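# Summary of structural features
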Amino acid sequence: MKEKAQKKAYSNTVYGLGFVGAAIYYITHATGFWMGVVGFLKAIVWPAILVYEVFKFIKA
């Protein structure tokens, strides 16, 4: 049970760091306020965007 909790904590940490990095990237590249808002929303769903682009790349 303890091992499962440690794995979950690790994956939450990785997602959190990825979220912060994606949010910083998208917001700093935004050209206006609403593009910054869209960038923040993209940062929330970055894993789905990543998987979609990988599947598109490998033509799955």
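Structure report, in brief. What you see is a predicted model; the values in this text were computed from it and never measured. (Residues numbered from 1 in each chain as written. Predicted model: local features only at pLDDT ≥ 70, side-chain atom pairs only at ≥ 80, totals over all residues. Heavy atoms only, no water.)

### Looking at the overall build of the chain
Summing up its helical and strand segments, the chain has three helices and zero strands in all. Along the chain, from the amino end to the carboxyl end, the secondary structure elements read α-α-α. Here the chain holds 60 residues, and the buried ones make up 8% of them. Summing over all exposed atoms, the chain offers an accessible surface of approximately 5300 Å²; the carbon and sulfur share of this is 74%. (Helix = DSSP H or I, 4+ residues; strand = E, 2+ residues; numbered from the N terminus. Buried < 20%, exposed > 50% of the residue type's maximum accessible area, 1.4 Å probe, protein only. Areas by Shrake-Rupley, 256 points an atom, 1.4 Å probe, with all protein chains shown as cover.)

### Focus: the packing of helix H2 (residues 33-44) against helix H3 (residues 46-58)
At a closest axis distance of 5 Å, the pairing of H2 and H3 adopts a crossing angle of 75 degrees. In terms of orientation, H2 lies roughly perpendicular with respect to H3. For the pair formed by H2 and H3, the contact residues are Lys42, Ala43 and Ile44 on the first element and Trp46, Pro47 and Ile49 on the second. When the residues that make up the contact of H2 with H3 are grouped by side-chain class, the tally is five nonpolar, no polar and one charged. (Axes fitted to C-alpha atoms, helices over the stretch in contact; angles between N-to-C directions. Parallel < 35°, antiparallel > 145°, perpendicular 65-115°, else oblique. Contact = heavy atoms within 4.5 Å. Nonpolar A, V, L, I, M, F, W, Y, C, P; charged D, E, K, R; others polar.)

### Some remarks on the pattern of salt bridges
One pass over the structure, following the stated rule, counts one salt bridge. With its nearest N and O atoms 3.4 Å apart, the salt bridge here joins Glu53 to Lys56. In this pair, Glu53 and Lys56 are both assigned in helix H3, three residues apart and thus about one turn of the helix distant. (Salt bridge = Lys/Arg side-chain N within 4 Å of Asp/Glu carboxyl O.)

### Some remarks on the packing of aromatic side chains
Counted according to the given criterion, the structure contains four aromatic pairs. Seen from their ring centres, Phe19 and Phe40 are 5.6 Å apart, and the 80 degrees between their planes marks the pair as edge-to-face. With Phe19 in helix H1 (residues 2-28) and Phe40 in helix H2, the pair connects residues that are 21 residues apart, well separated along the chain. Overall, Phe19 belongs to the partly exposed group, its relative accessible area being 23%. The class of Phe40 is partly exposed, set by a relative accessible area of 39%. Judged by centre distance (5.5 Å) and plane angle (70 degrees), the ring pair of Tyr25 and Tyr26 falls under edge-to-face. Exposure remark for Tyr25: the relative accessible area of 48% places this residue in the partly exposed category. (Phe/Tyr/Trp six-rings, centres within 6.5 Å; stacked < 30°, edge-to-face > 60°.)

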